[in-house]
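Okay, here's what each chain looks like letter by letter:
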Amino acid sequence: MYSNMLIKNGHIIDPSQGIDGIGDILIEDGKIVRIEQKSGSLEAKKKKNNDFRTSELPNFQIIDASGLYVIPGLVDMHVHLREPGFEYKETIKTGTMAAVKGGITSVCCMPNTNPVNDNKTVTEFILRKTYAEGSCYVYPIGAITKGQKGEELAEMAMMHEAGCVAFSDDGRPVMSSLIMRRALEYSKALNVPVISHCEDISLSEGGVMNEGRLSAQMGLRGIPYASEDAMVARDIILSELTGGRLHIAHVSTEGSVRLIRQAKERGVRVTAETCPHYFTITEDEVKGYNTNAKVNPPLRTQRDVDAIKKGLKDGTIDVIATDHAPHHRDEKLQEFDKAPSGISGFETALSLSLRLVYEGILTMSQLVEKMALISARILGIDAGTLKVGFDADIAIVDINKEFKVKSENFLSKGKNTPFEGWVLKGMPVITICKGKVYDWRQNE
Amino acid sequence: MKDLVGIKELSRNEIELILNTASSFKDVLRRDIKKVPALRGKTVVNLFFEPSTRTRTSFELAEKRLSTDVLNFSVPTSSVVKGESLFDTIKTIEAYGVDFIVIRHSSSGAPHFIARNVIASVINAGDGINEHPTQALLDAFSIIEKKGSLEGLNIAIVGDILHSRVAKSNIYLLSKFGANIRLIGPPTLIPDMADHNVEVFYEMDEGLKDADVIMMLRIQMERQGKGFFPSTMEYFKNWGLDMRRLKLAKKDAIVMHPGPMNRGIEISSDVADSGQSIILEQVTNGLAVRMAVMYLLSGRGENV
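Described below are features of the structure shown in this document. Here the residue numbers are simple positions, counted from 1 along each chain's written sequence. To label them, take the chains in the order written and letter them from A, then take the ligands in the order written and number them from 1. Totals for whole chains, interfaces and linings use all residues, but because this is a predicted model, local features are given only for residues with pLDDT of at least 70 and pairs of side-chain atoms are given and counted only at 80 or more. To get the side-chain values, all heavy atoms of the structure are used, and hydrogens and water are removed first.

## Focus: the pattern of salt bridges
Rules: The term salt bridge refers to a pairing of a side-chain nitrogen on Lys or Arg with a carboxyl oxygen on Asp or Glu at a separation within 4 Å. Secondary structure counts use DSSP, requiring at least four H or I residues in a row for a helix and at least two E residues in a row for a strand, with both numbered from the N terminus. For each residue, the accessible area found with a 1.4 Å probe, counting protein chains only, is set against the maximum for its type, and the residue is called buried under 20%, exposed over 50%, and partly exposed in between.
Summed over all chains, the structure comprises 37 salt bridges over all chains. The salt bridge partner of A:Lys146 is A:Glu152, with a shortest N-O separation of 3.4 Å. We note a salt bridge from B:Asp205 to B:Arg245, for which the minimum N-O separation is 2.7 Å. Pair noted here: B:Asp205 is in helix α7 (residues 204-208) and B:Arg245 is in helix α9 (residues 243-246), with a separation of 40 residues, a long-range link. We classify B:Arg245 as buried; its relative accessible area is 7%. Among the ionic contacts, a cluster of salt bridges with common partners joins A:Glu83, A:Lys129 and A:Glu133.

## Comments concerning the interface of chain B and chain A
A common way to report how large an interface is uses the accessible area buried once the components associate. Defined as follows: The contact criterion used is simple: two residues touch if any of their non-hydrogen atoms lie within 4.5 Å. Note on definitions: buried area is the accessible-area loss of two parts on being combined, 1.4 Å probe, summed for both. Under the rule applied, a polar contact is a pair of N or O atoms within 3.5 Å (in protein, one hydrogen donor and one hydrogen acceptor; residues adjacent in sequence only if both atoms are side-chain atoms). Lys, Arg, Asp and Glu make up the charged group, whereas Ala, Val, Leu, Ile, Met, Phe, Trp, Tyr, Cys and Pro make up the nonpolar group; the residues left over, Gly among them, are polar.
Listed by partner, the interface residues are 23 residues for chain B and 15 residues for chain A. With both sides pooled, the region where chain B packs onto chain A buries about 1600 Å², and carbon together with sulfur makes up 50% of that total. Inspection of the chain B/chain A interface yields two salt bridges. In this structure, the salt-bridge partner of A:Arg213 is B:Asp192, at a minimum N-O distance of 3.1 Å. Viewed at the interface, chain A and chain B are joined by 10 residue pairs in polar contact (both at pLDDT 80 or more). When residues of the side of chain B that touches chain A are traced back to their parent elements, those giving at least two are α3 (86-95), α4 (110-117) and α6 (165-176) of chain B. A total of four residues in the side of chain B that touches chain A trace back to one element, the largest contributor, which is α4(B). The residue inventory of the side of chain B that touches chain A, partitioned by class, reads nine nonpolar, nine polar and five charged.

## As for helix α8 (residues 232-239) of chain B
Residues and elements named next belong to chain B. Stated formally: Directions are taken from the helix axis to each C-beta atom, and the arc is the one they span.
Buried residues of α8: Thr232, Tyr235 and Trp239, and no others. Considered in projection along α8, the buried side chains sweep an arc of 60° and stay on one side of the axis. Exposed positions of α8 whose direction lies more than 90 degrees from the buried face are Met233 and Lys237. Among the structural elements, β5 (154-158), β6 (180-184), α7, β8 (213-216) and α9 are those in contact with the buried residues of α8.

## Quick word on the sheet that holds β6(B)
Residue and element names in this part refer to chain B. To keep it simple, the criterion reads: Criterion used throughout: strands pair if DSSP finds at least two bridges between them. To get an axis, fit a line to the C-alpha atoms, keeping to the stretch in contact for a helix; angles then go from 0 to 180 degrees between the N-to-C directions.
Strand order in the open sheet made by the five strands is β7-β6-β5-β8-β9, with parallel pairing throughout. Looking at strand neighbours, the two that pair on one side only are β7 (198-201) and β9 (254-256), the edges of this open sheet. Direction aside, the axes of adjacent strands within the sheet are offset by 20° on average. Pairing of β5 with β6, which is carried by five bridges, proceeds in the parallel orientation. Within the sheet, the bridge partner assigned to isoleucine 157 lies in β6 and is leucine 183. Sheet strands touched by helix α5 (residues 133-147): β5, β8 and β9. Its angle to β9, the strand with the most contacts, is close to 165°.

## Brief notes about the sheet that holds strand β2 (residues 69-74) of chain B
All names here are of chain B. Taken together, the four strands give an open sheet; going across it, the order is β2-β1-β3-β4, and neighbouring strands pair in parallel fashion. Of all the strands in the sheet, the pair left with one neighbour each is β2 and β4 (121-127). Along the sheet, successive strands turn relative to each other by an average axial angle of 15°, direction set aside.

In short, the description is geometric, and any link to function would need to be established separately.
Here it is as structure tokens:
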């Protein structure tokens, strides 16, 4: 394959170097070796003749990115690849391919596999599988506690050594405040974040959608916002007590945004993420008992959506992740309360997030920060940047291209999306990852 | 309309049509020979995923009075126990060529799910904590029989509103007809129904003042000890209907209950057996209403 290439005349956005302008990127052996800016910065304007002469670059693949944005490959710090154990929902092979289609070149997979990723053998299995079949980079997240049971700490240091970049019990939140305290303390030795799925399960027990008038009207048991807010508050307090690094997963409520904002003002070591569905749609999507809109935390109200957008704008929410949660069609084709929670998110995430740019909530550069740079920094991984010397993991995005979401075209095995039939604007047209070029325009 | 999944989905006109049709069927039920050939040749399957005696018996008798062929499907003996999905179960049943599926299920929205996936008419006989539309229709029918109309009546619904699909369907129906709905019960058992023009009372004596209708709901024993209320004794003391409280309502107030009753827990025996109680008439009217629903859904008469 081509590992030497020249991306010409694209609008390069790289917040890690403050680049926002037209330029060329030269790639050799899969690494970025030079960036030449032609506009957008003072340096670029000082230079006169900074064009690469393509005649001097034999055996280089030339990619014309005129009219397109060239951004670092996205870093998605919250995904479910389902392997090992649930290969009928997704595999490392299909999941990473779907990620690449979404412009995502690094993913962090949650440990709720079978067996649970709570020991280095499972971590090593995931990494071996990725090496053999993965299209993008996979950074596993280890379980905080053995079997995600919330009872005793898993071997965090050994998993860290094997390649885990963070720890989380994900959908089975650590209910014991003592265990959570110990996890935040212990993780300091490794300087890794503890990722908390904030849900007081005694408050949300039996709940399948947001609690409110709509849940009362649909006869569905509700999950109150307090279930999330109470745990966000607890974990912030524990992070303050211990000095451990806390990362709040998939923020869905106005109250969480407020609590995180206040904590950051106090200087607590807390970061937070949200997902495209939490700033795009509300609980109304559940109407008609639509199981594809069943997700945990549940879709909330317009008020929450507005608060999350505000939190993204003012920096309270650091990261946009997908919480890509593929499920089999048969599992979603059930009674609402029996269907599993989750949205297949890889292949709509960037397009949905670009709406924030169109709405003027984020600049293109801020969006790239939240979808690549900051997540990479939180995790301490070499990604989310176009700096010279780094792997050329790049997404080339056509922000004007409109398309209709058709889950049948997803590369993910999970066709469970509440955005079926939506017309979205902006999508990755080329992804470069691990030295390979994927041109998605060829398939149309 | 193909299905009856809930009162929420019905217009006022559609409800009136059902009630008027039920009135004709009630006349039929007064005859010596109570069976009519209206739906001869049609097949109904009663699909009950939850135990039920009253509703199932009522549906079955209504179906027989309409001369349909009735198939009863009860869960303990079915392939559901072997792990078959609801989707496969209904597809199998549909392959028999049934015309009606009457379903009771513990999952809210199960009838909606089925209705989307079959050609047969689906009738909701109670889904989770969502709706029990035929019960609300028979309740409305019973009230109108006694009071002439629903508009402007003070109707108190007392008890576990949160888990009661009967209460929900009644609230949707009564609010469409301009009744003054009062919800009475402990705050732990009253959901946010503010969109439906209801007034909430935690104090039962206050809520019963000048009531025309008192609808009592069954308290499910398993709610005790789950934090909804401390004991049945305390519950009855605060939200049980006895003779003293009945006197706070209008003199000619009627007392209703969807059954089965817990005597001494939500309703005292002297009230349940009093002349103001129309509990047994509700049962009779249930037959007429269910016959009307099936008749109309089959496309006979006007379109529902």
